[in-house]
Amino acid sequence: MIAKVALLLVLIMISLPGNETGVEAQILRERFRYHPDCPYYPSFVCGKDERTYMNECSLRAYDVQFEHQGSCRI
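Residues numbered from 1 in each chain as written. Predicted model: local features only at pLDDT ≥ 70, side-chain atom pairs only at ≥ 80, totals over all residues. Heavy atoms only, no water.

What follows deals with the overall build of the chain. When helices and strands are counted, the chain shows 3 helices and 3 strands. If you list the helices and strands of the chain from N to C, you get α-α-β-β-α-β. Buried residues in the chain amount to 23% of all 74 residues. If you take every contact in the chain between residues at least 6 apart in sequence, the share linking residues at least 24 apart comes to 21%. Looking at the chain as shown, the accessible area adds up to about 5600 Å², and 59% of this sits on carbon and sulfur atoms. (Helix = DSSP H or I, 4+ residues; strand = E, 2+ residues; numbered from the N terminus. Buried < 20%, exposed > 50% of the residue type's maximum accessible area, 1.4 Å probe, protein only. Contact = heavy atoms within 4.5 Å. Areas by Shrake-Rupley, 256 points an atom, 1.4 Å probe, with all protein chains shown as cover.)

Structure below.
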């Protein structure tokens, strides 16, 4: 019974936002611009340079002006 509860807790934690596996995190970093000095949480924003950033912190860290919330349309 304890093993089942522990397994359930692990599965819940893995499924929570921000708990991406190594592969999922790598895909996010490759597709969306991310700055290592910023917290790692997806809240996508589009910059004036027409690139999608992981969050507003990453956008500001690269000194890019904010265009709109959400990913850029290409």
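From this point, things continue past the structure.
We now examine the side chain of S58. Locating S58 in the fold gives a position in helix α3 (residues 56–61). For S58, a relative accessible area of 0% gives the class buried. Residues in contact with S58, not counting those within four places in the same chain, are R33, Y34, H35, C38 and Y53.

Reading across the sheet, the 3 strands line up as β2-β1-β3 and stay open at both edges, with antiparallel pairing between neighbours. Unpaired on one side and paired on the other, β2 (52–53) and β3 (66–69) mark the two borders of the sheet. Alignment of strand β1 (residues 45–47) against β2, held across 2 bridges, turns out to be antiparallel. Across the sheet, C46 pairs through a bridge with T52, a residue of β2. (Pairing = 2+ DSSP bridges.)

Attention now moves to the pattern of salt bridges. Pairing is possible between side chains that carry opposite charge, provided their charged atoms lie close to one another. Tallied over the entire structure, the rule returns 2 salt bridges. One salt bridge in this structure joins R60 and E56, with 3.8 Å as the shortest N-O distance. In this pair, R60 and E56 both sit in helix α3, 4 residues apart, roughly one turn of the helix. On the basis of relative accessible area, E56 is assigned to the partly exposed category, the value being 36%. (Salt bridge = Lys/Arg side-chain N within 4 Å of Asp/Glu carboxyl O.)

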